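The lines below spell out each chain.
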Protein chains: 2
Amino acid sequence: MVASMATKGERTREKMLATAETLVLSKGFAATSLDEILRATGSTKGAFFHHFKGKADLAQALVERYRRNHAKLFERLVAEAEAKHADPLDATMHLLKRFEALIQAQSKPLPGCVFAAATHEGGQFDTTLRDRIADSLRRWAALYEGKFDAVLSRYEPSLPIAAKELAEMIVAIIEGGLILSRSYGDAHLVARQSRQFRNYLSLLFADRQPRIAA
Amino acid sequence: MVASMATKGERTREKMLATAETLVLSKGFAATSLDEILRATGSTKGAFFHHFKGKADLAQALVERYRRNHAKLFERLVAEAEAKHADPLDATMHLLKRFEALIQAQSKPLPGCVFAAATHEGGQFDTTLRDRIADSLRRWAALYEGKFDAVLSRYEPSLPIAAKELAEMIVAIIEGGLILSRSYGDAHLVARQSRQFRNYLSLLFADRQPRIAA
DNA sequence: AAGCAACCATACCGTCCGGTCGGTTACCGG
DNA sequence: CCGGTAACCGACCGGACGGTATGGTTGCTT
């Protein structure tokens, strides 16, 4: 038994989560029935209710799973970028470029973001899940914010700017870009928008003016 | 009988659409039942099916209504901006600032965008409605694109840029900003992000370098 | 090999939801 | 005042959905 496939139960649970995610991202959570998920995975009610307390529990598990995968991916990209560039600005640029390359490689538009989906249907979830989603988005932005903090502590921007604003901007651009990308069927729209954001950064720090200690 | 209240039927229909919109924006379309809408408006099944063929028809009507209102608002803002500024860059900046002021005036986060909601639950709608939504988003972007075209035909940007990219960028920023704004409960996030976009524009056209005819 | 838990299949239940339909009231031209 | 139509009501239906109960099967441990 290979370690990667874990136990049988974990594999079916993962399969359910994966197919549920694609269905939810295409039709929405409420419009996705349990039977539909089970038909797609080839299992039954018994299996589902063995792994999840109910549909609400599935929603929470979906968010948690997405959160982990998302965090893991970005930590990998950040590590790679910082290994290659000592300068914080270069590292951030590299991070964005790697991200764009990942999207550009896909021929179809990305299926969407679970956080955005959950936010949109948020009214049917309880407060703790909504808080968890907001926290996930904040952590994502905070990851960028840390990078921009490093950049701002070294270089003087050509316009007064806060790291948090830049972090929220790239997250907003990606989330909004995903919506347009899906609606248009344009697989490369998000990458194009990320490039625009890089443009903004390169104009903000065009001359790499070193910050003067007060 | 005042002209503004139109016929009785039109008023109840409008009331249904308005309450349906708020419900849909907070819980999603599939999770919003007809009974819920009717309870909120104080009318009944009979009234609903007199005005709409079914729930799918309601969805289409919601999109169409939002589309009209949205277009009307922006045409008003554009007209106001162009009346005040002959220069296309100044007019565009004014347009964005007016938009920010509108958002800033609200104390609660905007309820969301029907286009984004519909895109997110798109899998449950038919192709014609999905196309209609994509078209609505494109028209919105095209409205901005026209303005940026005017700017680019007069001024040389400090980085090579297409009007379409800028147009898609502000739309993406607003859509993404709305998601973050709702999830965080931060009413001013969208306006802050619009200001970032204005920053980008002001850096792109900082010196107002006039375009040289080739 | 026995036993025990984890895992999964199936039949079934109560409820809610979209939709239908026969009927009633409000309005309006003639 | 009358006829007709737009507007509206509310009981009802069939089906789908989330959830449960129960029994069977697999696989790990000792």
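The structure under discussion appears in the preceding block.
Quick caveat, the model's predicted, so the values are computed rather than measured.

**Q** Which residues make up the interface of chain A and chain B, and what are the values?
**A** The interface is formed by 48 residues belonging to chain A together with 48 residues belonging to chain B. Buried area between chain A and chain B, both sides added, is near 4100 Å², and the carbon and sulfur share of it is 63%. Ionic pairing is found between R192 of chain B and E168 of chain A, a salt bridge with its closest N-O pair at 2.9 Å. For the pair chain A and chain B, the interface holds 24 residue pairs in polar contact (both at pLDDT 80 or more). Contributing elements (two or more residues each) for the side of chain A that touches chain B: α1 (8-27), α6 (114-120), α7 (127-154), α8 (163-184) and α9 (189-204) of chain A. The element best represented in the side of chain A that touches chain B is α8 of chain A, accounting for 15 residues. Split into classes, the residues belonging to the side of chain A that touches chain B amount to 25 nonpolar, 15 polar and eight charged.

**Q** For the protein's contact with DNA strand C, give the residues involved together with the corresponding values.
**A** Around DNA strand C, the structure places 19 residues, and the nearest of them are T12 and H51 of chain A together with L34, K45 and K55 of chain B. The share of sugar and phosphate among atoms of DNA strand C within 4 Å of the protein is 57%. Within the backbone of G46 of chain A, an N or O atom sits 3.5 Å from a base oxygen of DNA strand C. Within the residue set of the surface near DNA strand C, elements represented by two or more residues are α1 and α3 (45-51) of chain A together with α2 (34-41) and α3 (45-51) of chain B. For the surface near DNA strand C, the leading source of residues is α3 of chain A, giving five residues. For the surface near DNA strand C, the per-class residue count stands at three nonpolar, eleven polar and five charged.

**Q** Run through the relation of the copies chain A and chain B, naming residues and quoting values.
**A** Between chain A and chain B, the superposition needs a rotation of 180° and an axial shift of 0.0 Å, giving an RMSD of 0.0 Å. Given the turn and translation reported, the copies of this chain are related as if by a two-fold rotation axis. Distance from the rotation axis, computed per C-alpha, reaches its smallest value in chain A at G176 of chain A: 1.9 Å. Of the interface residues in chain A, 100% have counterparts in chain B that sit at the interface too, so the contact is made through matching surfaces.

Reading guide: rules and limits
Residues numbered from 1 in each chain as written. Chains lettered and ligands numbered in written order. Predicted model: local features only at pLDDT ≥ 70, side-chain atom pairs only at ≥ 80, totals over all residues. Heavy atoms only, no water. Contact = heavy atoms within 4.5 Å. Buried area = accessible area lost by both parts, 1.4 Å probe. Salt bridge = Lys/Arg side-chain N within 4 Å of Asp/Glu carboxyl O. Polar contact = N/O pair within 3.5 Å; in protein donor to acceptor, adjacent residues only side chain to side chain. Helix = DSSP H or I, 4+ residues; strand = E, 2+ residues; numbered from the N terminus. Nonpolar A, V, L, I, M, F, W, Y, C, P; charged D, E, K, R; others polar. Near = heavy atom within 4 Å. Least-squares fit on C-alpha atoms with pLDDT ≥ 70 in both.

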